[in-house]
Amino acid sequence: MNIQDLHPHGPNSQQPEQWIERLARFGYAAKGIVYMIIGILAFMAAFNWGGRVTGTQGAFQTIASQPFGKLLLFLVAVGLLGYVLWRFVEAAKDPEHSDSGAGAIGRRISYAVSGIIYAGLALSALKIVFGNSSGSSSGSQQQTATLLSQPFGRWLVAAIGVASVAYGFYCFYRSYSTQFRRKLKLSEMNASTEKWATIIGRFGLAAKGIVAVIIGYFFIQAARTYDASQAGTTEGALQTLQQQPFGAWLMGIVALGLIAYGIHLEVQARYRRISP
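Residues numbered from 1 in each chain as written. Predicted model: local features only at pLDDT ≥ 70, side-chain atom pairs only at ≥ 80, totals over all residues. Heavy atoms only, no water.

Student: Just give me the short version of the environment of Arg-182, but keep the residues and values in it.
Tutor: Within the fold, Arg-182 resides in the loop between α7 (153-177) and α8 (191-225). Put simply, Arg-182 and Arg-273 are 91 residues apart on the chain and 8.9 Å apart in space, counted from C-alpha to C-alpha. (Helix = DSSP H or I, 4+ residues; strand = E, 2+ residues; numbered from the N terminus.)

Dropping the structure here:
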């Protein structure tokens, strides 16, 4: 018996798990790029350096406007679809946990919801690539209006708001506890990389939490007033910060935090333990 008999598909064949892992890492990297662009544009806008306050759609448009931008955005969309695939694998198998019960069910549901959200973002990126897109704010408000028109629509919109606020506080918890370190291959980092990965991760998660809480508040207000125009996105959250006293500094700090969150995702792409 030779080694080819042990590997019927050849020595260079790739198992499905390897492809899922590679796509997941590509997905984390693509997601990180989007958040870094949002943060950079918002930071520049905060101090009138030519940027603009925007969300994911604006980030996609910025990528598309660069040389070979449509190709770059297509790769980002593919990356996001890789992240979606990993989220659905987590929802189906929960490979990183062995516990069961209500906590496990809630975690699986959150993975599935995250997968659906990022599938929508990937679709939005592909629409821009192929010349069919709309603004993020109007799109969010249209979707909220559609939800509000359904039976129990106000409760659904309110539930989205509560879930976003809860996610924001979960980000604060992860930032405070450095829980995210448990999923990193720390043994592959040197001391300096580990230190900065922790600092940047904590800062980024705190900023992500602030944005999520503000977005949740928007949805709760939309449900309370039965007014879809109250619903907001990352763009609206940043604009709200900008309108506060010392708004430029507040938005600038949160924008830096979103850049840090993007870098944190790049660290995840490189060092995260992914076991499909």
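Now, onward.
Student: Give a description of the confidence of the model for the protein that names residues and reports values.
Tutor: In this model, the protein carries a mean pLDDT of 84, and residues with pLDDT of at least 70 account for 88%. Confidence over residues 1-11 falls short of pLDDT 50; this stretch has three contacts with residues more than four positions distant or in other chains. (pLDDT = per-residue confidence, 0-100. Contact = heavy atoms within 4.5 Å.)

Student: Can you lay out a nonpolar patch on the surface for me, pointing to particular residues and giving the numbers?
Tutor: A cluster of nonpolar side chains, namely Phe-26, Phe-68, Leu-71, Leu-72, Phe-74, Leu-75 and Phe-130, defines an oily patch on the protein surface of about 740 Å² accessible area. Ranked by residues supplied to the nonpolar patch, first place goes to helix α4 (residues 69-93) with four residues. By the element assignment, Leu-72 lies in helix α4. (Patch = residues over 30% accessible without salt bridge, like charges linked within 9 Å, V, L, I, M, F, W, Y side chains within 5 Å. Areas by Shrake-Rupley, 256 points an atom, 1.4 Å probe, with all protein chains shown as cover. Salt bridge = Lys/Arg side-chain N within 4 Å of Asp/Glu carboxyl O.)

Student: Just give me the short version of the nonpolar core, but keep the residues and values in it.
Tutor: The biggest cluster of nonpolar side chains holds 62 residues, and the ones touching the most others in it are Phe-60, Leu-73, Val-76, Leu-80 and Leu-238. Looking at this core, the elements with two or more residues in it are α2 (16-46), α3 (56-64), α4, α5 (102-129), α8, α9 (234-242) and α10 (247-271). Look past the residues within four positions of Leu-80 in its chain and what remains in contact with it is Gly-27, Ala-30, Lys-31, Phe-60, Tyr-118, Leu-121 and Ala-122. (Core = buried A, V, L, I, M, F, W, Y, C linked by side-chain atoms within 4.5 Å. Buried < 20%, exposed > 50% of the residue type's maximum accessible area, 1.4 Å probe, protein only.)

Student: I'd like a rundown of the pattern of salt bridges, residues and numbers included.
Tutor: Close approach of charged atoms allows side chains of opposite charge to pair. Evaluated as defined, the whole model comprises four salt bridges. Across the pair Arg-25 and Glu-21 runs a salt bridge whose closest N-O atoms are separated by 2.9 Å. Of this pair, Arg-25 and Glu-21 both sit in helix α2, four residues apart, which is roughly one turn of the helix. A salt bridge links Arg-181 to Glu-194; the shortest N-O distance between them is 2.8 Å. Of this pair, Arg-181 sits in the loop between α7 and α8 while Glu-194 sits in helix α8, and the two are 13 residues apart along the sequence. In this structure Arg-181 comes out as partly exposed when scored by relative accessible area, which is 23%. On the accessibility criterion, Glu-194 (23% relative accessible area) is partly exposed.

Student: Any chance you could break down the side chain of Gln-57 for me, citing the residues and the numbers?
Tutor: Position of Gln-57 relative to the elements: it lies in helix α3. At a separation of 3.1 Å, a polar atom in the side chain of Gln-57 contacts the side chain of Ser-124. (Polar contact = N/O pair within 3.5 Å; in protein donor to acceptor, adjacent residues only side chain to side chain.)

Student: Can you lay out the packing of aromatic side chains for me, pointing to particular residues and giving the numbers?
Tutor: Counted under the stated rule, the structure contains nine aromatic pairs. Judged by centre distance (5.7 Å) and plane angle (70°), the ring pair of Phe-43 and Trp-49 falls under edge-to-face. Centroid distance Phe-169 to Phe-172: 5.5 Å. Interplanar angle 90°. Geometry classified as edge-to-face. Taken as a pair, Phe-169 and Phe-172 lie in helix α7 at a separation of three residues, close to a single helical turn. Owing to a relative accessible area of 27%, Phe-172 belongs among the partly exposed residues under this scheme. In textbook terms, an aromatic cluster arises when at least three aromatic residues are bridged by ring pairs, as seen for Phe-43, Phe-47, Trp-49 and Trp-249. Arg-22 extends its terminal NZ or CZ atom over the ring of Trp-19, reaching a point 5.6 Å from the ring centre. Against the face of Tyr-271 rests Arg-270, its NZ or CZ located 4.3 Å from the ring centre. (Phe/Tyr/Trp six-rings, centres within 6.5 Å; stacked < 30°, edge-to-face > 60°. Lys NZ or Arg CZ within 6 Å of the ring centre and 35° of its normal.)

Student: Explain the packing of α9 against α10 to me, and be specific about the residues and the numbers.
Tutor: Closest axis-to-axis distance for the α9/α10 pair is 7 Å, and the angle between their directions is 145°. Judged by residue contacts, Thr-234, Leu-238, Leu-241 and Gln-242 of α9 engage Gly-247, Ala-248, Leu-250, Met-251, Val-254 and Leu-258 from α10. Of the residues in the contact of α9 with α10, the class split is seven nonpolar, three polar and no charged. (Axes fitted to C-alpha atoms, helices over the stretch in contact; angles between N-to-C directions. Nonpolar A, V, L, I, M, F, W, Y, C, P; charged D, E, K, R; others polar.)

Student: So what about unusual backbone geometry? Which residues, and what values?
Tutor: The phi torsion at Thr-178 lies on the positive side, around 55°, for a residue other than glycine. Its place among the elements puts Thr-178 in the loop between α7 and α8. The phi dihedral of Phe-246 is positive, around 60°, even though this residue is not glycine. As for its placement among the helices and strands, Phe-246 is situated in the loop between α9 and α10. Judged by its relative accessible area of 68%, Phe-246 is exposed.

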